[in-house]
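These are the residues of each chain, in order.
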Amino acid sequence: MRRRAMPYAAGLGLALVLSSVLAGCGSGSPDPASTGAVPTVASSSAPTGAATSSGTTSSTPPATPTSAKPTIEGLPEAAKARTRAGANEFVRYYFEKLNEAWSVPRTDVLPGFALVSCKTCANYQKTAVGLAAEGERYRGDMVVTTAIDGLGENGPGDPKYTVIAAFKQMPVERVDSNSGRVVSTVTAKEGAVFVYLTYRDRWLISGIQGRD
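Rules behind the numbers
Residues numbered from 1 in each chain as written. Predicted model: local features only at pLDDT ≥ 70, side-chain atom pairs only at ≥ 80, totals over all residues. Heavy atoms only, no water. Disulfide = S-S within 2.5 Å. Buried < 20%, exposed > 50% of the residue type's maximum accessible area, 1.4 Å probe, protein only. Phe/Tyr/Trp six-rings, centres within 6.5 Å; stacked < 30°, edge-to-face > 60°. Helix = DSSP H or I, 4+ residues; strand = E, 2+ residues; numbered from the N terminus. Expected span 1.5 Å × (residues − 1).

Peer 1: Would you take a moment to explain the state of the cysteines for this structure?
Peer 2: Using the criterion set out here, one finds one disulfide in the structure. Here cysteine 118 connects covalently by a disulfide to cysteine 121, the sulfurs 2.2 Å from one another. Across the disulfide from cysteine 118 to cysteine 121, rotation about the S-S bond amounts to roughly 70°, and the bridge is consequently right-handed. Assessed through its relative accessible area of 1%, cysteine 118 is described here as buried.

Peer 1: How do you make sense of the packing of aromatic side chains when you look at a structure like this?
Peer 2: The geometry of an aromatic ring pair comes down to the distance between the two centres and the angle between the two planes. Counted by the stated rule, this structure contains nine aromatic pairs. Plain terms: the ring middles of tryptophan 102 and tyrosine 138 are 5.9 Å apart, the flat faces sit at 40° to each other, and that makes the pair tilted. On the criterion of sequence distance, the pair formed by tryptophan 102 in helix 2 (residues 84-103) and tyrosine 138 in strand 1 (residues 136-138) is long-range, its members being 36 residues apart. Like tryptophan 102, the residue tyrosine 138 is buried in the burial classification. A connected cluster of aromatic rings, assembled from ring pairs, spans Phe90, Tyr93, Tyr94, Phe95 and Phe113.

Peer 1: Help me understand the side chain of aspartate 149 in this model?
Peer 2: As for its placement among the helices and strands, aspartate 149 is situated in strand 2 (residues 143-153). Since its relative accessible area comes to 12%, aspartate 149 is described here as buried.

Peer 1: Help me out: how do you make sense of helix 3 (residues 119-134) in this one?
Peer 2: A turn of α-helix holds 3.6 residues, and therefore any two residues three or four places apart point the same way. The first and last C-alpha atoms of helix 3 sit 22 Å apart over 16 residues, in line with the 22 Å expected at 1.5 Å per residue. Three or more residues of helix 3 are buried, namely Thr120, Cys121, Asn123, Tyr124, Gln125, Thr127, Ala128, Val129, Gly130 and Leu131. Backbone geometry just after helix 3 places glycine 135 at a positive phi near 70°.

This is the structure in structure tokens:
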């Protein structure tokens, strides 16, 4: 795979940073053609379960299984093309829907993006399910992508593709959906991730890996 210098600084990565708000985030397996796994870090901000004043967290129900190809709501035409621009737009839209899933919250918008191999995607969905079950949400968008660029196919005609996304994690509050009471706060961070895609009639995420 061709890899060229990116115009932005490397960070620990969205998979690393957001794992601090995902209780029990395990290794996120990238596409089988790629190597490495998503590292985990100790939680320094809001976990998936609701944080209490004593620092404990409540349990989160199991995530909705990630289906291979359910429908994606409102997928832009630009994100459907099997091109570099199409892959970039697909990844951009995924993080846009991640914000929606966590800020409304909604449990039905993320599963269509990912294959079951993407454990990080399953954890993001688990957070959405937990927020909905506990009557909580994040107040505003947590993730702002600052640059997205495709690195190319693994080989000529290969359906596997890698996109790198740089981001800012915004300082947002996790609140009670009804009262607005602040449960916990997420601190601002920056980073980048590799997003591994495969093309099966349309793009699907097979893994997300933090960029060192």
